[in-house]
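Descriptive structure summary
The chain contents come next:
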Amino acid sequence: MNEAQIEITIPHLFRCPISLDLLEDPVTLCTGQTYDRSSIEKWLAAGNLTCPVTMQKLHDPSIVPNHTLRHLIDQWLQLGHQFDPGNSATIDYLAALKHSLESPEATLESKFQTLEKIRVLSDEYCSFKKSCFQQLGFLPLLLGLVFQRADPHHLSKNHMEFAELALCCILKLLPFVSLEPLNMIKEESKLETFLLLFEKGTSLVKISLCHLIDSTPASQTEEVCHMLGNCQKVVHEIVLAVSQNCEVSKAAIKAMTALCSLQSNRESLVRAGAIDGIIKYISLSVSGSETRQKNLAPLAMVTMKKLLVLESGKEAVVNHPNGIETLVKMVFRVSNQECSDSAVGILLILCRDFGRAREEAIGTGVLTQLLFLLQSQCGTKTKTKARMLLKLLRSKWTEEPKQV
């Protein structure tokens with residue numbers, strides 16, 4: 001393929017946004033935008049600390065070789081006229097969709113129609129198409145649209161529907177693109193909109209935001225996870241979401257678990273009422289009012305156990321009016337041995353440190369529950385914990401007799 005042919009037929013995706021020439025050595029910035037190495041190095045050497053396309057500040061100025069795009073370009077050059085025309089058409093079509101979202105002249109209705117097309121395309125399994133979504137920078141664009149500054153007094157139904165659909169597209173893209181663009185949530189204005197959507201958003205918006213939080217513990221976005229976990233308003237909204245309908249509460253528990261994965265978040269989670277939210281969630285599982293809730297009850301209890309490394313976490317459970325009683329009810333769960341194991345482990349921790357916990361556990365029937373558990377087909381480790389708890393309760397009962 002000669003230079004004239006290349007000039008005419010270069011797909012948009014294969015051009016450097018700075019030089020507009022064919023990418024020879026494609027490298028990617030932390031914003032997800034790709035440039036030719038020589039062009040972006042000149043830009044940075046000139047003292048520019050922003051991304052040329054998005055104009056976002058570069059919190060990390062390093063550049064990473066884009067091997068996927070390099071491979072696509074090599075394939076295109078080698079095949080010449082045999083390169084699948086459908087791929088070029090795909091590139092141009094996606095580039096046109098991106099342009100329609102970026103255009104300041106586009107109406108909310110036209111953007112909504114564009115998002116519908118993106119949603120359909122992202123559902124189709126095609127490695128080339130997914131690579132195009134990544135290289136064209138759809139994730140940072142969609143995140144920017146969702147979390148742009150909003151007026152809390154004028155959030156229309158149309159804007160909320162737009163946010164629902166945009167978040168749906170974002171979640172479909174997350175598995176196969178870099179998570180780095182999520183770092184934009186650290187910006188004050190973006191965080192304010194994030195909170196606003198959590199407070200006033202529909203159930204679908206809340207679920208999507210929880211799923212976004214669930215993806216933040218990755219190494220690329222650990223700072224976002226830390227920031228969200230230490231934002232009392234964010235954690236408070238997640239705790240409130242636990243008490244909502246089944247799908248929202250399940251998403252909220254996953255979000256809480258994700259934030260809890262960072263030890264630096266745990267004190268903040270306890271202060272914001274995470275223990276209360278977890279106990280409410282487990283209580284629904286115990287009551288059987290939502291059978292699907294049982295699917296995540298073990299995850300909720302594992303999260304609670306992580307919070308018990310803090311004295312404040314232990315005190316929050318013991319001081320909760322239904323804390324110990326709820327755990328006792330989880331001790332013997334025929335259909336969920338994982339819950340039984342976690343409940344016994346948590347009670348062992350609490351009863352070792354708090355006389356009040358021992359008294360309440362005995363008063364709510366833990367001894368009977370433990371005996372049932374020991375006669376069941378539960379695992380060896382669970383039975384060992386159960387015997388340890390029985391021994392602890394009996395010895396403490398002998399030392400400090402209580403009136404139950």
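Conventions used here
- Residues numbered from 1 in each chain as written.
- Predicted model: local features only at pLDDT ≥ 70, side-chain atom pairs only at ≥ 80, totals over all residues.
- Heavy atoms only, no water.
- Pairing = 2+ DSSP bridges.
- Helix = DSSP H or I, 4+ residues; strand = E, 2+ residues; numbered from the N terminus.
- Contact = heavy atoms within 4.5 Å.
- Axes fitted to C-alpha atoms, helices over the stretch in contact; angles between N-to-C directions.
- Core = buried A, V, L, I, M, F, W, Y, C linked by side-chain atoms within 4.5 Å.
- Buried < 20%, exposed > 50% of the residue type's maximum accessible area, 1.4 Å probe, protein only.
- pLDDT = per-residue confidence, 0-100.
- 1 Å grid on protein atoms, 1.4 Å probe; cavity = no way out; pocket = protein on both sides within 12 Å on 5 of 7 lines; lining within 4 Å.
- Points joined across faces, edges and corners; volume = space filled by probe spheres on them.
- Nonpolar A, V, L, I, M, F, W, Y, C, P; charged D, E, K, R; others polar.
- Parallel < 35°, antiparallel > 145°, perpendicular 65-115°, else oblique.
- Left-handed = near helix turned anticlockwise from the far one by under 90°.
- Salt bridge = Lys/Arg side-chain N within 4 Å of Asp/Glu carboxyl O.

**Quick notes on the sheet that holds strand β1 (residues 26-28)**
Either a parallel or an antiparallel arrangement is found when strands of a sheet pair, and the pairing is made through backbone hydrogen bonds. Read from one edge to the other, the open sheet built from 3 strands follows the order β2-β1-β3, with strand pairing classed as antiparallel. The open sheet is flanked by β2 (34-36) and β3 (64-65), the only strands paired with a single partner. The sheet contact formed by β1 and β3 spans 2 bridges and is antiparallel. Bridge assignment links Val-27 to a residue of β3, and that residue is Pro-65. Taken strand by strand, helix α2 (residues 37-45) contacts β1, β2 and β3, and its axis lies near 95 degrees from that of β2.

**Details of the nonpolar core**
Counting 128 residues, the largest nonpolar core has Phe-14, Phe-147, Leu-228, Val-366 and Leu-389 as its most contacted members. Ranked by residues supplied to this core, first place goes to helix α8 (residues 157-173) with 9 residues. Contacts of Leu-389, omitting those with residues within four sequence positions, involve Val-344, Leu-347, Leu-348, Cys-351, Val-366 and Leu-370.

**Remarks on helix α11 (residues 222-229)**
Taken residue by residue, α11 has Val-224, Cys-225, Met-227, Leu-228 and Gly-229 as its buried positions. Structurally, α11 contributes buried residues whose contacts are with α9 (188-200), α10 (203-214), α12 (232-242), α13 (246-260) and α14 (266-271).

**A word on the confidence of the model for the protein chain**
Counting all residues, the mean pLDDT for the protein chain is 86, and 90% of those residues have values of 70 or more. Mean pLDDT in the protein chain bottoms out at helix α1 (residues 3-9), which sits at 48, and peaks at helix α17 (residues 311-319), which reaches 96.

**Observations concerning the layout of surface pockets**
Approximately 510 Å³ is the volume found for the largest pocket. Elements with a minimum of two residues in the lining of the largest pocket: α4 (85-102) and α7 (138-146). Considering each element in turn, the lining of the largest pocket owes the most residues, 3 residues, to α7. Class assignment of the residues belonging to the lining of the largest pocket gives a composition of 7 nonpolar, 8 polar and 7 charged. Considered as a void within the structure, the second largest pocket measures approximately 360 Å³ in volume. Along its surface, the second largest pocket is lined by 20 residues, and Thr-28, Val-64, Gln-134, Ser-178 and Gln-220 are the ones closest to its centre. Those elements giving two or more residues to the lining of the second largest pocket turn out to be β3, α3 (67-79) and α6 (127-135). With 4 residues, α6 is the largest single contributor of residues to the lining of the second largest pocket. The class makeup of the residues in the lining of the second largest pocket is 6 nonpolar, 11 polar and 3 charged.

**A closer look at the packing of α10 against α13**
Between α10 and α13, whose axes approach to 8 Å, the crossing angle comes to 25 degrees. In this view, α10 runs roughly parallel relative to α13, as classed from their interaxial angle. Considering how the two elements wind past one another, α10 and α13 form a crossing that is left-handed. Taking contact as the criterion, the partners of Ser-203, Lys-206, Ile-207, Cys-210, His-211, Ile-213 and Asp-214 in α10 are, on α13, Glu-247, Val-248, Ala-251, Ala-252, Lys-254, Ala-255, Ala-258 and Leu-259. Looking at side-chain class alone, the contact of α10 with α13 contains 9 nonpolar, 2 polar and 4 charged residues.

**Digging into the pattern of salt bridges**
Side chains bearing opposite charge may pair, as long as their charged atoms lie close to each other. Counting across every chain of the model gives 14 salt bridges. Between Glu-102 and Lys-98 there is a salt bridge whose closest N-O contact spans 3.9 Å. With Glu-102 and Lys-98 both in helix α4 and 4 residues apart, the pair spans about one turn of that helix. Classification of Lys-98 by relative accessible area gives buried; the value is 11%. Salt-bridge contacts for Glu-116 lead to Arg-119; the nearest nitrogen and oxygen are separated by 3.1 Å. With Glu-116 and Arg-119 both in helix α5 (residues 108-123) and 3 residues apart, the pair spans about one turn of that helix. Overall, the relative accessible area of 29% leaves Glu-116 in the partly exposed class.

**Some remarks on unusual backbone geometry**
The phi dihedral of Leu-20 falls on the positive side, at around 65 degrees, and the residue is not glycine. Position of Leu-20 among the secondary structure elements: in the loop between α1 and β1. Despite not being glycine, Met-55 shows a phi value in the positive range, around 65 degrees. Among the secondary structure elements, Met-55 is positioned in the loop between α2 and β3.

**Things to note about the packing of helix α16 (residues 297-307) against helix α19 (residues 337-353)**
Where α16 contacts α19, the axes come no closer than 9 Å and their chain directions differ by 20 degrees. By the angle between their directions, the pair α16 and α19 is classed as roughly parallel. Handedness of the α16/α19 crossing: left-handed. In this structure, α16 contributes Ala-297, Pro-298, Met-301, Val-302, Met-304 and Lys-305 to the contact, and α19 contributes Glu-338, Cys-339, Ser-342, Ala-343, Gly-345, Ile-346 and Ile-349.

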